[in-house]
Amino acid sequence: MPYKLFTPDHIYITSDAIDYPVTKQILSTFHNVKYTCVDDENSIDRSYTVLLLTKQRADFYKNCPGTKKYICCGYQILNLINNCEIGCTYCILQGYLDEPYITVFVNIDDLFQELSVLFNGDKNRYFRIGTGELADSLSTDHFTGYARMLVEFFSDKRNAMLELKTKTTQIDNILNIRHGGRTVVSWSLNTPRMIASEESNAPTLDERLLAAKRCQDAGYRIGLHFDPMIYYPNWEAEYKEVIDRVFEFLEPGHIIWISLGALRYPPYLEDIIRERHPNSKITYGELVTGIDNKMRYVKTIRIEMFRKMYQWLKKKDPNLFIYCCMEHSDVWKRSFGWTPGNSLTLKNMMDELIQ
Ligand code: SF4
């Protein structure tokens, strides 16, 4: 199915969000879509095609919910938008968020205020921040325009950088603007077979790579995330082909980091996947409960996948920085031949890449 930009069939607005410029701009973009003002979010139609405009009443900024039991990269996240319409079969948001609809927090000025206080308050600390935790960073950009505002805000920050993580091709808003080298634009990649079966509403591999190339040509550094890698017959040949394809589009020197992560999900997601995506076979793999209580492939499979990916990537360019997302030190060592040993070391290594 070709990638289609999200258009809601109904918009709800909480009373405290009505007067914000972003609300007005979104209503004018979707001038044909009916909207309703509500005092109480419980009265909203619980549908995947609904859009809620409201105010973020908590902090926008949070630490990534990694786990102390695995090595994590020390990422921080901004919750500007909740949920995503792309509908990947394995998406953790299906069970993590209570609501099916997309929520956009419209008080973006409060976000910039919060970040300014944070960055100025601790000039010796380095902030590596992403918006792709509870949403795709760019899939709603055709009506929010947030990416451009964020990129320009980060462009002169000396102790912070932004990562926009996406599967989409929505980059036009950020191509001809000042970014100051403070934004990394990243793509999640998978094999064409897995894209067709598990990410069927997202752009194809080549469409993503073409968008990445256009960002590279605009001077952005590019991140790549092979996550979640899925183990299936012929995975080896097909992931290797993806790597070959990547370097037909991108220069290794412009790729700042590449992450590898194998399929993992909390046990309660299994029933949701089977019910919402009955054709998906991902839950039938050799998955066991990890020490973080998530289902993941047995260690030998993870190591086999990471080791081969690492070798194929390093053959393309030995200088590529490759890391594992939420893995044991032991898995690092057996897959890559080295390990950062702990989360702080990995965080420092990644902060240095961008400074
Ligand atoms: S693109 Fe990301 S956030 Fe959107 S459905 Fe897929 S996994 Fe979830």
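Residues numbered from 1 in each chain as written. Predicted model: local features only at pLDDT ≥ 70, side-chain atom pairs only at ≥ 80, totals over all residues. Heavy atoms only, no water.

(A) Layout of the side chain of Thr166. Its location among the elements puts Thr166 in strand S9 (residues 160-166). For Thr166, a relative accessible area of 1% translates into the label buried. Contacts of Thr166, omitting those with residues within four sequence positions, involve Asp136, Leu138, Ser186, Trp187 and Ser188. (Helix = DSSP H or I, 4+ residues; strand = E, 2+ residues; numbered from the N terminus. Buried < 20%, exposed > 50% of the residue type's maximum accessible area, 1.4 Å probe, protein only. Contact = heavy atoms within 4.5 Å.)

(B) Focus on the site of the ligand. Near the ligand you find Cys84, Ile86, Gly87, Cys88, Tyr90, Cys91, Leu93, Asp136 and Lys167, and these make up its full shell. Tallied by class, the residues present in the shell around the ligand amount to six nonpolar, one polar and two charged. (Near = heavy atom within 4 Å. Nonpolar A, V, L, I, M, F, W, Y, C, P; charged D, E, K, R; others polar.)

(C) Highlighting the nonpolar core. Counting 117 residues, the largest nonpolar core has Leu51, Val104, Ile174, Phe226, Tyr239 and Val246 as the members making the most contacts within it. Ranked by the residues each element gives to this core, the list is headed by helix H11 (residues 299-316), at eight residues. Dropping the residues within four chain positions of it, Val246 is found in contact with Leu189, Leu209, Leu224, Phe226 and Ile255. By size, the runner-up hydrophobic cluster in this structure holds six residues, among which are Val38, Val50, Leu52 and Tyr101. (Core = buried A, V, L, I, M, F, W, Y, C linked by side-chain atoms within 4.5 Å.)

(D) The arrangement of the pattern of salt bridges in detail. Considering all chains together, one arrives at 22 salt bridges under this definition. With a closest N to O distance of 3.0 Å, Asp292 and Arg296 form a salt bridge. Given the relative accessible area of 17%, Asp292 is considered buried. (Salt bridge = Lys/Arg side-chain N within 4 Å of Asp/Glu carboxyl O.)

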